[in-house]
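Here is how the chains run, residue by residue.
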Amino acid sequence: MTTVVVPKINSNDARYLLVEWVAKDGSTVRPGDVLALIETSKTVEELEAVAAGVLRHLVAEGAECLPGQTIARLGGDAPDPIPVPVPETASGVVVTAPARALMDELGIGEEQVRALGRKVIRRADVTALAARDRPEDATELVMSPSQRRVADVVGRAHREVPAAYTVIRVDVEDALRLALELTPALRTLIGLPELLVRAVAGLIGRFEALFATPVAPGRLRRSATAHVGVTMDVGKGLYVPVVHDATHRSLGEISRTLMRHRLAAMRGAFTEEDLSGANIVVTLHNESTVTLAIPIVFPGHVCALSLAAPRKELVPSEDGPGGDFEARRIVHLGLAYDHRYVNGHDAVLFLDAIRTVLESPRALAPGDRPSGGLS
């Protein structure tokens, strides 16, 4: 008999909510199968089976559970079902704590959520209900929970971080050609974001302050490696998942991590670890009409980079006779930085170092393993 135990998902919550049993009571599961969805104050986690067996629920959907608590068992045979008490509520509907908080904020009552006909009401259900019931002539727009979290971070950043901004032009023609060449060779999608993350992470040895964490006026805590956050927005809210230890990862590993993050963004399935621990952020602005964007320096960070979309420009040809021009793809690469810790001279040196790597990009992929960094 194998017990199914709730893991410690984050350090902020003393208890979680068992939102849904994905695997039914009495079903046979295999290692890696998703058994249940566990909701914390920040995310919804998928709880996977660590062994094969017949699943027997010990905790009902909608019930609270504690880290380390046994919520099910996996056995070899299918014994008689273990009675599972179902929590009673006044309306007969189980409402998660985040959903309840949003109901209170939006003024949505029990009768409205009961009319949805669902056993468990989650935060996303309340958001959809608010959008559906909004009258066409409503004078107020209700922001999504993810946008409100963005608003909190942006507001705090503007209050706490005296940021400056510098931008340079970078010729990425050779980098984009290399990306096209490496995609089939490494069997993973390589684009300008992947190359930029690799280039930035390799510079931590030369620019320690830009990856450090402010701890007091005039003092920074050094980081041994670059943990690079990359903005992603697939129409379901803005996320900043992290490529952890990017300094010691190959280009292929960085690419596969970003692809996994993109899939998680589409499914809304990030873990807290995916979204935690960045010490520098790259904001991506892929729309072809965007030529310049000023990023927000997150509280606790020293700087943030912004990458605009490539645009073709006519530049003097290096190989042709004098007076010849050729079309090459150019981007604007910007750096917003906390002026208390970084001055303009160092910001330009950092941007120029990235530009040098991107304009001579072969060193970014010496193989599918990093060769000790680019610094």
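Residues numbered from 1 in each chain as written. Predicted model: local features only at pLDDT ≥ 70, side-chain atom pairs only at ≥ 80, totals over all residues. Heavy atoms only, no water.

Novice: Looking at this structure, I do not really get the nonpolar core. What am I missing?
Specialist: If you look at soluble globular proteins, the nonpolar side chains tend to sit buried side by side. In terms of nonpolar packing, the biggest core is built from 54 residues, with Val228, Leu305, Leu333, Phe350 and Ile354 touching the most fellow members. Contacts of Ile354, omitting those with residues within four sequence positions, involve Leu196, Val200, Leu203, Leu305 and Leu333. By size, the runner-up hydrophobic cluster in this structure holds 20 residues, among which are Leu18, Ala63, Ile71 and Ala72. (Core = buried A, V, L, I, M, F, W, Y, C linked by side-chain atoms within 4.5 Å. Buried < 20%, exposed > 50% of the residue type's maximum accessible area, 1.4 Å probe, protein only. Contact = heavy atoms within 4.5 Å.)

Novice: Which parts of the structure should I look at to understand the packing of helix H6 (residues 192–201) against helix H7 (residues 251–267)?
Specialist: Working note: a packed helix pair is described by the angle between its axes plus the distance between those axes. The geometry of H6 relative to H7 is characterised by a closest axis approach of 9 Å and an angle of 125 degrees between their N-to-C directions. When the axis of H6 is compared with that of H7, the two are oblique. In the crossing of H6 with H7, the sense of the turn from one axis to the other is right-handed. From H6, Glu194, Leu195, Val197 and Arg198 reach across to H7, where they touch Leu251, Ile254, Ser255, Leu258 and Arg262. Classifying every residue of the contact of H6 with H7 by side-chain character gives 5 nonpolar, 1 polar and 3 charged. (Axes fitted to C-alpha atoms, helices over the stretch in contact; angles between N-to-C directions. Helix = DSSP H or I, 4+ residues; strand = E, 2+ residues; numbered from the N terminus. Parallel < 35°, antiparallel > 145°, perpendicular 65-115°, else oblique. Left-handed = near helix turned anticlockwise from the far one by under 90°. Nonpolar A, V, L, I, M, F, W, Y, C, P; charged D, E, K, R; others polar.)

Novice: Looking at this structure, I do not really get the confidence of the model for the protein. What am I missing?
Specialist: The predicted structure's coordinates, where accompanied by low pLDDT, should not be read in detail. Chain-level statistics for the protein give a pLDDT mean of 85 and a share of 86% at 70 or above. Note that pLDDT drops below 50 for residues 78–89; the model gives that stretch 19 contacts with residues more than four away or on any other chain. (pLDDT = per-residue confidence, 0-100.)

Novice: Just to check I follow, could you spell out the sheet that holds strand S4 (residues 34–39) for this structure?
Specialist: Strands pair in a sheet through their backbones, by hydrogen bonds, and they do so in one of two ways: parallel or antiparallel. What the 4 strands build is an open sheet, ordered S5-S4-S2-S7; its pairing is antiparallel. The open sheet terminates on both sides in strands that have one partner only, identified here as strand S5 (44–48) and strand S7 (64–65). Of the strand pairs in this sheet, S4 and S5 are connected by 5 bridges, and their pairing is antiparallel. Following the sheet pairing, Glu39 is matched in S5 by Val44. (Pairing = 2+ DSSP bridges.)

Novice: Please clarify how the packing of aromatic side chains should be interpreted in this entry.
Specialist: The description of two aromatic rings rests on the distance between their centres and on the angle between their planes. The full count for this structure, using the stated rule, is 3 aromatic pairs. Between Tyr239 and Phe270 the ring centres are 4.9 Å apart and the planes differ by 50 degrees, which places this aromatic pair in the tilted class. Linking Tyr239 in strand S16 (residues 238–239) with Phe270 in the loop between H7 and strand S18 (280–284), this pair joins segments that are 31 residues apart in sequence. Tyr239 gets classed as buried once you look at its relative accessible area, which sits at 17%. With relative accessibility at 3%, the residue Phe270 sits in the buried group. The structure contains a cluster of three or more aromatic residues connected by ring pairs, namely Phe207, Phe211 and Phe350. (Phe/Tyr/Trp six-rings, centres within 6.5 Å; stacked < 30°, edge-to-face > 60°.)

Novice: When you look at the environment of Val29 in this model, what are you seeing that I'm missing?
Specialist: By the secondary structure assignment, Val29 is in strand S3 (residues 28–29). In sequence terms Val29 and Ala52 are 23 residues apart; their C-alpha atoms lie 5.5 Å from each other. The residues touching Val29, leaving out its near neighbours within four places in the chain, are Ala23, Leu35, Ala49, Ala51, Ala52, Gly53 and Leu74.

Novice: Could you clarify how one ought to interpret the pattern of salt bridges in this entry?
Specialist: Side chains that differ in charge, positive against negative, can pair when their charged atoms come close. Tallied over the full model, the rule gives 17 salt bridges. Put simply, Arg355 and Asp352 hold a salt bridge, and the shortest N to O gap is 3.4 Å. Of this pair, Arg355 and Asp352 both sit in helix H8 (residues 344–359), 3 residues apart, which is roughly one turn of the helix. Taking the shortest distance from any N to any O, the salt bridge between Glu359 and Arg355 comes out at 3.3 Å. Residue Glu359 and its partner Arg355 are both found in helix H8; the two are separated by 4 residues, about one turn of the helix. Judged by relative accessible area, Glu359 falls into the partly exposed class, the value being 27%. Through salt bridges with shared partners, a single network forms among Asp171, Asp174, Glu326 and Arg328. (Salt bridge = Lys/Arg side-chain N within 4 Å of Asp/Glu carboxyl O.)

Novice: So what exactly am I meant to see when it comes to the environment of Thr3 here?
Specialist: Looking at where Thr3 falls in the secondary structure, it is placed in strand S1 (residues 2–5). Separated by 69 residues in the primary sequence, Thr3 and Ala72 have C-alpha atoms spaced 6.1 Å apart. Not counting the four nearest positions on each side in its chain, Thr3 is found in contact with Thr70, Ala72 and Arg73.

Novice: Please explain the pairing of S4 as it appears in this structure.
Specialist: On a regular strand, each side chain points to the face opposite its neighbour's, so the side chains alternate between the two faces of the sheet. Summarising burial for S4: 5 of the 6 residues are buried, a large majority. Looking at chain direction, strand S2 (residues 16–21) and S4 are connected through 4 bridges and run antiparallel. Bridging from a neighbouring strand, Leu17 pairs with Glu39 of S4.

Novice: Help me out: how do you make sense of helix H5 (residues 173–186) in this one?
Specialist: Its 14 residues give H5 an end-to-end C-alpha distance of 20 Å, which sits within 8% of 20 Å, the value for a rise of 1.5 Å per residue. Buried within H5 we find Glu173, Ala175, Leu176, Leu178, Ala179, Leu182 and Leu186. Tucked inside the fold, the buried residues of H5 contact strand S11 (163–171), H6, H7, strand S21 (325–338) and H8. Where H5 terminates, the next one or two residues include Arg187, which has phi positive at roughly 60 degrees. (Expected span 1.5 Å × (residues − 1).)

Novice: How do you make sense of the side chain of Thr231 when you look at a structure like this?
Specialist: In this fold, Thr231 is placed in the loop between strand S14 (228–230) and strand S15 (232–233). For Thr231, the side chain forms a polar contact with the main-chain nitrogen of Leu284, separated by 2.9 Å. (Polar contact = N/O pair within 3.5 Å; in protein donor to acceptor, adjacent residues only side chain to side chain.)

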